[in-house]
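One letter stands for each residue in the lines below.
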Amino acid sequence: INTIMPPAQAREPEPVAAVDWDALVLEMAAGPIHEPTEPQQPEPDLSYIPLDKPLVETLVASCEEQGVPLELALAVIERESGFDVDAVGLDGHDVGLFQIRSSNHEWLTKETGADPVTPEGNIVCGVWFLAYLYDYTGSWEAALTCWRWGPGNGETSKYASAVLGAAEHWKT
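Residues numbered from 1 in each chain as written. Predicted model: local features only at pLDDT ≥ 70, side-chain atom pairs only at ≥ 80, totals over all residues. Heavy atoms only, no water.

(A) Region of interest: the side chain of Thr 145. As for its placement among the helices and strands, Thr 145 is situated in helix H6 (residues 140–149). Assessed through its relative accessible area of 9%, Thr 145 is described here as buried. At 3.0 Å, the side chain of Thr 145 and the backbone oxygen of Glu 141 are in polar contact. (Helix = DSSP H or I, 4+ residues; strand = E, 2+ residues; numbered from the N terminus. Buried < 20%, exposed > 50% of the residue type's maximum accessible area, 1.4 Å probe, protein only. Polar contact = N/O pair within 3.5 Å; in protein donor to acceptor, adjacent residues only side chain to side chain.)

(B) Representation of the nonpolar core in the model. Leu 59, Val 68 and Phe 98 are the most contacted members of the largest nonpolar core, which totals 40 residues. Mapped onto this core, the elements with two or more residues apiece are helix H2 (53–66), helix H3 (70–81), helix H5 (119–137), H6 and helix H7 (158–170). Here this core takes 8 residues from H5, the largest share from any one element. Each residue touching Leu 59, except ones within four places of it in the same chain, is listed here: Leu 51, Leu 70, Ala 73, Leu 74, Ile 77, Ile 123 and Val 127. (Core = buried A, V, L, I, M, F, W, Y, C linked by side-chain atoms within 4.5 Å. Contact = heavy atoms within 4.5 Å.)

(C) Broad picture of the layout of surface pockets. Its volume calculated, the largest pocket comes out at about 460 Å³. Broken down by class, the residue content of the lining of the largest pocket amounts to 12 nonpolar, 5 polar and 5 charged. One number sums up the size of the second largest pocket: a volume of about 210 Å³. Lining the second largest pocket, in full, are Glu 43, Pro 44, Leu 46, Ser 47, Leu 51, Asp 52, Lys 53, Val 56, Glu 57 and Val 60. (1 Å grid on protein atoms, 1.4 Å probe; cavity = no way out; pocket = protein on both sides within 12 Å on 5 of 7 lines; lining within 4 Å. Points joined across faces, edges and corners; volume = space filled by probe spheres on them. Nonpolar A, V, L, I, M, F, W, Y, C, P; charged D, E, K, R; others polar.)

(D) A look at the pattern of salt bridges. In the structure shown here, the tally under the stated rule is 5 salt bridges. Its salt-bridge partner being Glu 57, residue Lys 53 comes within 4.0 Å of it at the nearest N-O pair. Residue Lys 53 and its partner Glu 57 are both found in helix H2; the two are separated by 4 residues, about one turn of the helix. Taking relative accessible area as the criterion, Lys 53 reaches 60% and is therefore assigned exposed. A salt bridge links Glu 106 to Lys 110; the nearest nitrogen and oxygen atoms lie 3.5 Å apart. Here Glu 106 pairs with Lys 110, and both are found in helix H4 (residues 105–112), just 4 residues apart, close to one helical turn. Here Glu 106 falls in the exposed class, since its relative accessible area comes to 56%. (Salt bridge = Lys/Arg side-chain N within 4 Å of Asp/Glu carboxyl O.)

Next comes the structure, spelled out in structure tokens:
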């Protein structure tokens, strides 16, 4: 059985607003209304680094700024202090995560504006110093040898080999 429905009430169409075509063309020529956004990259999981989050952030930022591989900085810290922010060398002259010698504190502070006695400053100075030695020597092996023995002493370094090997462990 077909049921016939009565026709819908006829309505007047809504008035359409006038379009300013000149303004629309100018707006379109100016580019998109909203800037396109790049897809957000997920933050890397750095929870494997045995430091407080602010120190990890300082380390990552310093490595990025100075062009030092994060895994290399982690290997140096592991070798030098075992991630102990309060580490002091046996003779009392090497301090912090990077075990920066007190004879280097003054010039590193002038170069970086950071205090190598504080954990954050020790990271900034340590990473900066690694980059400096790399620029001076041209290789990470030579830079690490200079880190351990000083520049220009002709030493080859088991230390550099050990740190470079440890850096492989820290690659994520």
